[in-house]
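# Inside the fold
Letter by letter, the chains look like this.
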Amino acid sequence: MPIYSDPKAQTTPEGSNGELDVTIHASNNNNVNASIANSPLLTKLNNLRLICGEIVNDHNVQLGIIVLIVINAIMMGVATFDFVSENPKVDNVFEKTDLAFLIIFTIELGMQLIYHGWTFYKDGWLVFDFIIVVLSWSFASLQIIRAFRIFRALRIITRIETMRNLVAALFDIMPRLGAITALLLLIFYIFAVLFTQLFGDLELSAPFFSRLDYSLLTLFVMMTMEWADVARECMDQIWWAWAPFIAFIMITGFIVFNLIIAVVCDAVAVIENKDDLEPDLFSGMFENGSKAEGGEGDGEAGTQGRTQDQLEETVVGSDEALVDDLAQRISFVLDSQREMLATLELLTRDTLVPSSPAEE
């Protein structure tokens with residue numbers, strides 16, 4: 001049984017150079033298996049690795065980790081109240097409980113590292129967990145930075161597939177979102193210079209536009225639709241001050257933000273339509289290492305084959321349904337045109353044919 005299986009090598013099409021790669025890969029696996037079988041120490045280490053993977057990727061274990069992450073995040077929020085922060089005994093209990101949570105998370109991450117080996121760093125979500133845990137230990141002695149322990153709750157994203165897909169979609173739209181952000185920064189800078197020059201000398205309740213950095217901060221607050229009070233103060237001294245305020249709000253609040261929302265909605269729509277993803281909150285969150293070691297490659301290949309066949313059937317079925325619907329619509333239009341022509345022909349005949357003397 002190989003230590004690490006390579007799905008790409010197993011699914012390489014025959015009749016190409018991939019056959020040689022598969023042969024070499026199988027030969028390497030056989031050599032590794034032979035060396036493990038001949039070494040009692042390697043056999044014990046491999047058995048330990050498999051046991052760690054079976055435990056840490058168990059459905060119930062992963063569900064328990066999710067529950068612990070949620071409880072840890074809730075306790076961090078409760079610890080901000082006075083009855084905890086001002087009571088040394090209660091605060092000490094919370095600190096020890098948080099340390100217990102961190103130890104559990106570290107053990108879980110260590111078992112993942114033992115099971116995956118060097119391939120651990122190929123999984124971006126496991127690396128994300130690793131960074132969060134390492135930073136938690138690194139900042140444990142720093143009182144100020146300890147507040148950032150709450151970011152440990154972000155580990156729940158790595159456990160829920162729907163959240164992972166959403167984060168992946170946000171990263172996919174970063175190029176388009178970056179262009180919109182650059183446009184927004186340009187608009188901010190232009191209006192910040194404009195407002196500083198127009199209203200910098202006014203005596204207002206606060207130095208909203210006295211400097212460029214103050215103007216940028218004020219414009220950011222105005223973008224959240226908190227602009228009426230500042231505008232009224234400026235209008236008390238300059239009657240036309242409403243014009244630049246309205247222009248800034250129209251551009252940033254109704255145009256740029258709508259562009260951002262449109263891009264994000266487009267990414268979410270792509271995720272909903274990709275591979276017919278089901279909106280199951282916990283679907284696929286235990287995909288890492290949840291399959292049995294034996295027959296894993298064949299199972300993955302069979303699943304991929306069935307999924308590909310289902311996708312092809314779905315595409316063919318949707319195309320046929322689209323063609324049938326289009327044919328029905330065309331038939332309906334043609335029938336309507338025939339009825340219209342018949343009606344016009346009948347009206348024309350009745351109008352052009354003269355009536356007989358008897359009828360007169």
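In this text the structure is predicted, and so the values were computed from the model without any measurement.

Quick notes on the rules
- Going along each chain's sequence as written, the residues are numbered from 1 onward.
- pLDDT decides what is reported in this predicted model: residues at 70 or higher carry local features, side-chain atom pairs at 80 or more are listed and counted, and totals for whole chains, interfaces and linings draw on all residues regardless.
- Calculation of side-chain values draws on the structure's entire complement of heavy atoms; hydrogens and water are dropped beforehand.
- We define a nonpolar core as any set of buried Ala, Val, Leu, Ile, Met, Phe, Trp, Tyr and Cys residues linked to one another through side-chain atoms lying within 4.5 Å.
- Type-normalised accessible area, obtained with a 1.4 Å probe on protein chains alone, sets the label of each residue: buried when under 20%, exposed when over 50%, and partly exposed for intermediate values.
- Strands are runs of DSSP state E lasting at least 2 residues, helices are runs of H or I lasting at least 4, and numbering of each runs from the N terminus.
- Every residue pair with non-hydrogen atoms within 4.5 Å of one another is taken to be in contact.
- What pLDDT expresses is the predictor's confidence in each residue, scored from 0 to 100.
- Aromatic contacts are taken between Phe, Tyr and Trp rings whose centres are within 6.5 Å, Trp giving its six-membered ring; a plane angle under 30 degrees counts as stacked, one over 60 as edge-to-face, and the others as tilted.

With that out of the way, let us pick up the nonpolar core. In terms of nonpolar packing, the biggest core is built from 28 residues, with F195, F199, F209, L219, M222, C234 and F245 touching the most fellow members. Of all elements in the fold, only α9 (174-199), α10 (212-223), α11 (228-235) and α12 (242-273) reach the threshold of two or more residues within this core. With 8 residues, α9 is the single largest residue contributor to this core. Beyond its immediate stretch of four places on either side in the chain, F195 contacts G200, F209, L219, M222, P244 and F245. With 13 residues, the next largest nonpolar core counts L102, I156, I157 and I160 among its residues.

Glancing now at the confidence of the model for the protein chain. Taken as a whole, the protein chain shows an average pLDDT of 74; of its residues, 67% reach a score of 70 or greater. Mean pLDDT across the elements of the protein chain ranges from a minimum in helix α1 (residues 7-10), with 40, to a maximum in α10, with 91. Residue range residues 276-303 is modelled with pLDDT below 50. Its contacts to residues more than four positions away, or to other chains, number 46 contacts. Per-residue pLDDT stays below 50 along residues 356-360; that stretch engages in 1 contact with residues further than four places along the chain or on separate chains.

As a further point, take the packing of aromatic side chains. The relation between two aromatic rings is expressed through the spacing of the ring centres and the mutual angle of the planes. Applying the stated criterion to the full structure yields 15 aromatic pairs. Residues F101 and F105 carry aromatic rings whose centres are separated by 6.4 Å and whose planes lie at 20 degrees to one another, so their mutual orientation is stacked. Of this pair, F101 and F105 are both found in helix α6 (residues 88-116), 4 residues apart, which corresponds to roughly one turn of the helix. Both rings, one in F191 and one in F195, keep their centres 6.2 Å apart while their planes meet at 50 degrees; by these two values the pair is tilted. Of the two residues, F191 and F195 are both situated in helix α9; the distance of 4 residues between them amounts to about one turn of the helix. As far as burial versus exposure is concerned, F191 and F195 are alike and both buried.

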